[in-house]
Every structure is written in structure tokens, then in C-alpha cells.
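As a plain string of letters, each chain reads:
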Amino acid sequence: MSYRSVLAALAASLLFVHAALADVTLIHAGELLAIPGKAPSRNMTIIVEAGRITGVQEGFAEAEGARVIDLSDHFVMPGLMDMHVHLQGEMGPNNDRDRLKMSNQLMQMRTVYYGMKTLKAGFTTVRDVGSSPQEMYAVRDAINAGWIDGPRIIAAGGVGITGGHADISGVSPELMEFWTSPNVCDGPYDCRRAARNVIKYGGDLIKITSTGGVMTQRATGTGQQMEADELEEIVRAAARMGRKVAAHAHEEDGIIAALEAGVASIEHGTYTGPRAIRLFRETGAYLVPTLLAGKTVAAAAVESDYMPQTVKDKAIRVGRDMAGNFEKAHKAGVNVAYGTDSGISPHGTNAEEAVLMVEAGMSEMDVIVSATVNAADLIDMSDTLGTIEAGKHADIIAVDGSPLDDIAELLDVDFVMKGGRIYKQ
Ligand SMILES: [Zn+2]
């Protein structure tokens, strides 16, 4: 489309509100990956009005009064989406001290700080799958209201069993008593109650832990912990009220039990084998691989001394096995949605997962699809996120060179727009 026809189209839509032209932003993209999975185009213009994309045109359009953002020497693409973060903390030797000394209020401030690191790294949407829920819902809602800056947050509430991975560990019995979540449950009906409780207080989805986990300070392994009847009740109670369930799972028995119960995603999925792969393909559930978490915990186990031995043992084993099994699952056609477990790794380094995924045999395009189109599908937001098309939120990032040639380009994002507002330029 020519400059004149773009101008005419803009003028027609704004004929009676001439002053509003100042609210039109034209982004000139040297190379534009509008729809991940399809080939990029050269020399394109994205039209942004009131936080939304209203058009994508060929050539570098201009219009009187419209703001132009010149990214004609950049690669422009949809904002990245990380489906597994924990914005409330960061793993390290100070965890125990922080937990004892920090007020909830100060922790909230730090959550906002971690959120901004994530946004400035090009991740415009995140799914937080485990923080103290009321605090995370407040941050989510404050960002949505425009009171504070940060990425779009889809926030989970956790449901877990007594003594399981989601339950408190590693502190005195008195503190355990004090910190036990009301959503720790046992048996199908109690877990049904807990799932409903998450929804009552504002959870966008329910996070469960069908197997043990690396960071639990109890020697309870990484195998299945929740029973099939508990998993089924949680998924059913969630579905009745329009919520999905994400299941943390390492060993294959727990992956299979969660998939059979109907969860939307398996987080980590370390020991995904042939039986789990078949179920993934039958159900269409997503695998959220978190290779960066595997690498980070394995390195911390070897290089530092703050982890108890039981955590170290699990970390080394899971870290060793994650990437190889992910490669087999991806090659077998399992749906993959991007996730890092940031909070295990430092916030703002989320793009390192992309490098690890390519190292594990995934194509650059498939990695980008997992962090845009697939992630949007997982959170049921394909209508508004995941691509650069008319009607979608103006969540747009830019990098120097093409990440389709070198995925490491994503480590250095130069431009970040979320909802039409620029956060980095
Ligand atoms: Zn996690």
C-alpha cells in the first residue's frame, strides 16, 4: 500500500478528530515477523492507536501528526511471553534470611522491580505460577489499572498436598504451621475445595505439583505425589469455572497422571518418555520445558554451598536429564510453550531459555512460536496477543539482527512496547 493510501485511510478514520492524529504511532520495521511460523517481510509499517495495533502496511508510511518510530534497521516481532516465572523471589544464599526479615510490603516492591527487569528484557507477558497469591494478584491488577509498570501477568494460585512439593519445607515446625497455605489439601474433595478457593480469591489458573520437586527440602524424590482422584477433582472444579490447570511434574508417572486428568500444561516435564509423548499428542497439552531452571539448579548445586544435600542430589540429576528428554519430546511433535522458571534463574535473563532450546535441537522459528503464538494459545489470549495483526495489543519488541539466523539476538532487546507504551528504546 502506498504512502498516499495509508494517509487516506488514516485521514478517513480520523477526519472528525484531527487532534487525535497525535495518538497514532507508525512503527517502521526493517524486517517484520508479524506472525511467527510464517516468513518475515521487509520494510513494513505497523499502525498503533490507543494501545492496539490497527493495521500493518507494506512500505514506510507517514501521516501528518502521527508519531513515527524508526526501527527500519531492526528486526521487529511480537513481545515475548514466558509461561513459567516466579516474580516474587530469586534463588540464592539469602533466601532464608529474606523470608524471615522482609516485610510483605517490601517484597511487593521487589516484585515490581523484577517485573520491570522482565519487561525490559522483551517479555511483555508472563504467567506467574507460584508466589504468595494475594500479593501477586495485587501486582497484576495494579499493572492492568496502569498504576504501576510491568509485564502483563497471568497469575496462578497453587494447590498441593500435605508434605508435597508445594507445601512449606525447610523451616521449624512452628513456622511451617504458620506458613501452611489454606490450599494444601488431601483427598479429592478437599482438593476440590482448594481449587475453588484459588478461583474465589482471584487466580487466573491453578498450579499443582503432581510430582516432587528439586527445591523441596525433604528427601521425597521427584516422582508422583498427587493421586489420580485428587488431580481429576482439581481439573474438573477448575474447568467448571473456566480455569485451566498447570502441573509441575518431573518423573513420567506424574506427567502421565496429570495428562490423564486433563491438565493444560506440564511444567518441566523432565522425564517425558514415549508413553507421556503419546498422551501429550492425544490431549494437545503443552510442555513448558524450563531448561534454564535445570541448568541453573545443577550449576548452583556444584558451585555453591547453600543447598542442603537432598536438594543438591535432585538438582544434579534433573539438570543433567532435562535437555535430552526435551529434544526427544519436541522432535516427536509435542506442543511446546516457552517457560524459564525465572526466579530460579535471575529475572531478566529469560531469553537464555531460547538459546538452550536451540541447542536442544529446536529451530529458531519454533522457539519463537513457542514464546508467542503457542503461549497466547495456552493462556486463551490468541485474540489479543501472540502476533502483530490488527486488533491485537501493541506488544512489540525489536532486536538488531534476525533471531531466525542467530537466536542469541533475543538476549539483547533494543525496543519494548507494551499496550502501545514504550518501555525501552
Ligand atoms: Zn517453577
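Just so you know, these numbers come straight off a predicted model, no measurement behind them.

Calculation criteria
- Residues numbered from 1 in each chain as written.
- Predicted model: local features only at pLDDT ≥ 70, side-chain atom pairs only at ≥ 80, totals over all residues.
- Heavy atoms only, no water.
- Helix = DSSP H or I, 4+ residues; strand = E, 2+ residues; numbered from the N terminus.
- Rg over C-alpha atoms; globule rule 2.2 N^0.38 Å.
- Contact = heavy atoms within 4.5 Å.
- Areas by Shrake-Rupley, 256 points an atom, 1.4 Å probe, with all protein chains shown as cover.
- Expected span 1.5 Å × (residues − 1).
- Buried < 20%, exposed > 50% of the residue type's maximum accessible area, 1.4 Å probe, protein only.
- Salt bridge = Lys/Arg side-chain N within 4 Å of Asp/Glu carboxyl O.
- Pairing = 2+ DSSP bridges.
- Axes fitted to C-alpha atoms, helices over the stretch in contact; angles between N-to-C directions.
- Core = buried A, V, L, I, M, F, W, Y, C linked by side-chain atoms within 4.5 Å.
- Disulfide = S-S within 2.5 Å.
- Left-handed = near helix turned anticlockwise from the far one by under 90°.
- Nonpolar A, V, L, I, M, F, W, Y, C, P; charged D, E, K, R; others polar.
- Parallel < 35°, antiparallel > 145°, perpendicular 65-115°, else oblique.
- Phe/Tyr/Trp six-rings, centres within 6.5 Å; stacked < 30°, edge-to-face > 60°.
- Polar contact = N/O pair within 3.5 Å; in protein donor to acceptor, adjacent residues only side chain to side chain.

Colleague: Sorry if this is basic, but what is going on with the overall build of the protein chain here?
Modeller: The secondary structure content of the protein chain amounts to 14 helices and 16 strands. By the compact-globule yardstick of 22 Å for 425 residues, the protein chain fits well, its C-alpha radius of gyration being 22 Å. Taken along the three principal axes of its C-alpha coordinates, the protein chain extends 70 × 45 × 40 Å. Within the protein chain, contacts between residues separated by at least 24 positions form 69% of all contacts whose residues are at least 6 apart in sequence. A total accessible area of about 17600 Å² is found for the protein chain, and carbon and sulfur atoms account for 52% of it.

Colleague: Which parts of the structure should I look at to understand helix H3 (residues 104–120)?
Modeller: For H3, spanning 17 residues, the distance from its first C-alpha to its last is 24 Å, which sits close to the expected 24 Å at 1.5 Å a residue. For H3, the full list of buried residues reads Met107, Gln108, Arg110, Thr111, Tyr114, Gly115, Met116, Thr118 and Leu119. Residues of H3 that are buried in the fold lie against helix H2 (95–101), strand E6 (123–128), helix H4 (133–145), strand E15 (413–418) and strand E16 (421–424). In the stretch just after H3, Gly122 is the one whose phi turns positive, near 100 degrees.

Colleague: Explain the pattern of salt bridges to me, please; I cannot follow it from the model alone.
Modeller: A side chain with one charge can pair with a side chain of the opposite charge if their charged atoms come near. Summed over the entire model, instances satisfying the criterion amount to 16 salt bridges. Note that Asp98 and Arg97 form a salt bridge whose closest N and O atoms lie 3.5 Å from each other. Accessibility expressed as a relative area gives 17% for Asp98, which makes it buried. Arg317 is the salt-bridge partner of Glu251, the closest N and O atoms lying 2.9 Å from each other. With Glu251 in the loop between strand E10 (245–249) and helix H8 (252–261) and Arg317 in helix H11 (residues 309–331), this pair connects stretches of sequence that are 66 residues apart. Classification of Glu251 by relative accessible area gives buried; the value is 18%. With a relative accessible area of 31%, Arg317 lands in the partly exposed category. The network of salt bridges with common partners includes Arg97, Asp98 and Arg110.

Colleague: Would you take a moment to explain the sheet that holds strand E2 (residues 41–49) for this structure?
Modeller: For sheets, the rule is that strands pair by backbone hydrogen bonds, running either parallel or antiparallel. Reading across from one edge, E3-E2-E1-E4-E14-E15-E16 is the order of the seven strands in this open sheet, with mixed pairing throughout. Since the sheet does not close on itself, it has two edges, and those belong to strand E3 (52–58) and E16, each with one partner. Taking the axes of each pair of neighbouring strands and ignoring which way they run, one obtains an average angle of 35 degrees across the sheet. Sheet topology places strand E4 (residues 67–78) next to strand E14 (residues 396–399); four bridges connect them, and they run antiparallel. Bridging from a neighbouring strand, Val76 pairs with Ala398 of E14. Running over the sheet, H3 touches E15 and E16 and is turned about 95 degrees from E16.

Colleague: Explain the nonpolar core here, please?
Modeller: Taken as a class, soluble globular proteins show a tendency for nonpolar side chains to be buried jointly. Counting 88 residues, the largest nonpolar core has Ile206, Ile208, Ile234, Val263 and Ile266 as its most contacted members. Setting aside residues no more than four positions away along its own chain, Ile206 makes contact with Gly157, Val159, Ala195, Val198, Ile199, Ile234, Ala238, Lys244, Val245 and Ala246. Grouped together as the second largest cluster of nonpolar side chains are 17 residues, Ile46, Leu71, Ile396 and Ala398 included.

Colleague: Sorry if this is basic, but what is going on with the state of the cysteines here?
Modeller: Should the sulfur atoms of two cysteines be covalently bonded, the bond is a disulfide. All told, the structure shown has one disulfide when counted by the stated rule. Note on cysteine connectivity: Cys185 is disulfide-linked to Cys191, with sulfurs 2.2 Å apart. Taking the sign of the S-S torsion, about 90 degrees here, the bridge from Cys185 to Cys191 comes out right-handed. Residue Cys185 is classed as buried on the basis of its relative accessible area of 0%. With a relative accessible area of 0%, Cys191 lands in the buried category.

Colleague: Hey, could you run me through the packing of helix H10 (residues 291–303) against H11 in this one?
Modeller: The relative placement of two packed helices comes down to the angle between their axes together with the axis-to-axis distance. Across the interface, H10 lies against H11 with an axial gap of 8 Å and an inter-helix angle of 145 degrees. Crossing of H10 against H11: the hand is left-handed. When H10 is examined against H11, the residues Leu291, Gly294, Val297, Ala298, Ala301 and Val302 are found in contact with a partner set consisting of Lys312, Ala315, Ile316, Gly319, Met322, Ala323 and Phe326. A class-by-class count of the residues in the contact of H10 with H11 yields 10 nonpolar, two polar and one charged.

Colleague: Help me out: how do you make sense of the packing of H8 against helix H9 (residues 274–283) in this one?
Modeller: The interhelical angle for the contact between H8 and H9, taken along N-to-C directions, is 20 degrees, at an axis separation of 9 Å. Our classification of the angle between H8 and H9 gives roughly parallel. Here the hand of the crossing between H8 and H9 comes out left-handed. Across the interface between the two elements, Glu252, Ile255, Ile256, Leu259 and Glu260 from H8 touch Pro274, Arg275, Ala276, Leu279, Phe280 and Thr283 from H9. Of the residues in the contact of H8 with H9, the class split is seven nonpolar, one polar and three charged.

Colleague: Even after reading the chapter, I still don't get the packing of aromatic side chains, so can you show me in this structure?
Modeller: Each aromatic ring pair is specified by the distance between its two centres and by the angle formed by the two planes. Inspection of every chain in the model, using the stated rule, returns two aromatic pairs. Taking the centre distance of 5.7 Å and the plane angle of 40 degrees together, the rings of Tyr113 and Tyr114 count as tilted. We classify Tyr113 as partly exposed; its relative accessible area is 47%. Looking at Tyr114, the relative accessible area reads 7%, which means it is buried.

Colleague: Looking at this structure, how should I read the side chain of Ser131?
Modeller: Of note, Ser131 is situated in the loop between E6 and H4. A distance of 2.9 Å separates a polar atom in the side chain of Ser131 from a polar atom in the side chain of Asp128. Residue contacts for Ser131: discarding those within four places in its chain leaves His86, Leu87, Gln88 and Met136.

Colleague: Just checking my understanding: could you explain the pairing of E3 for this structure?
Modeller: Pairing analysis gives six bridges linking E2 to E3, with the strands arranged antiparallel. Within E3, the position partnered with Val48 by the bridge is Ile53.

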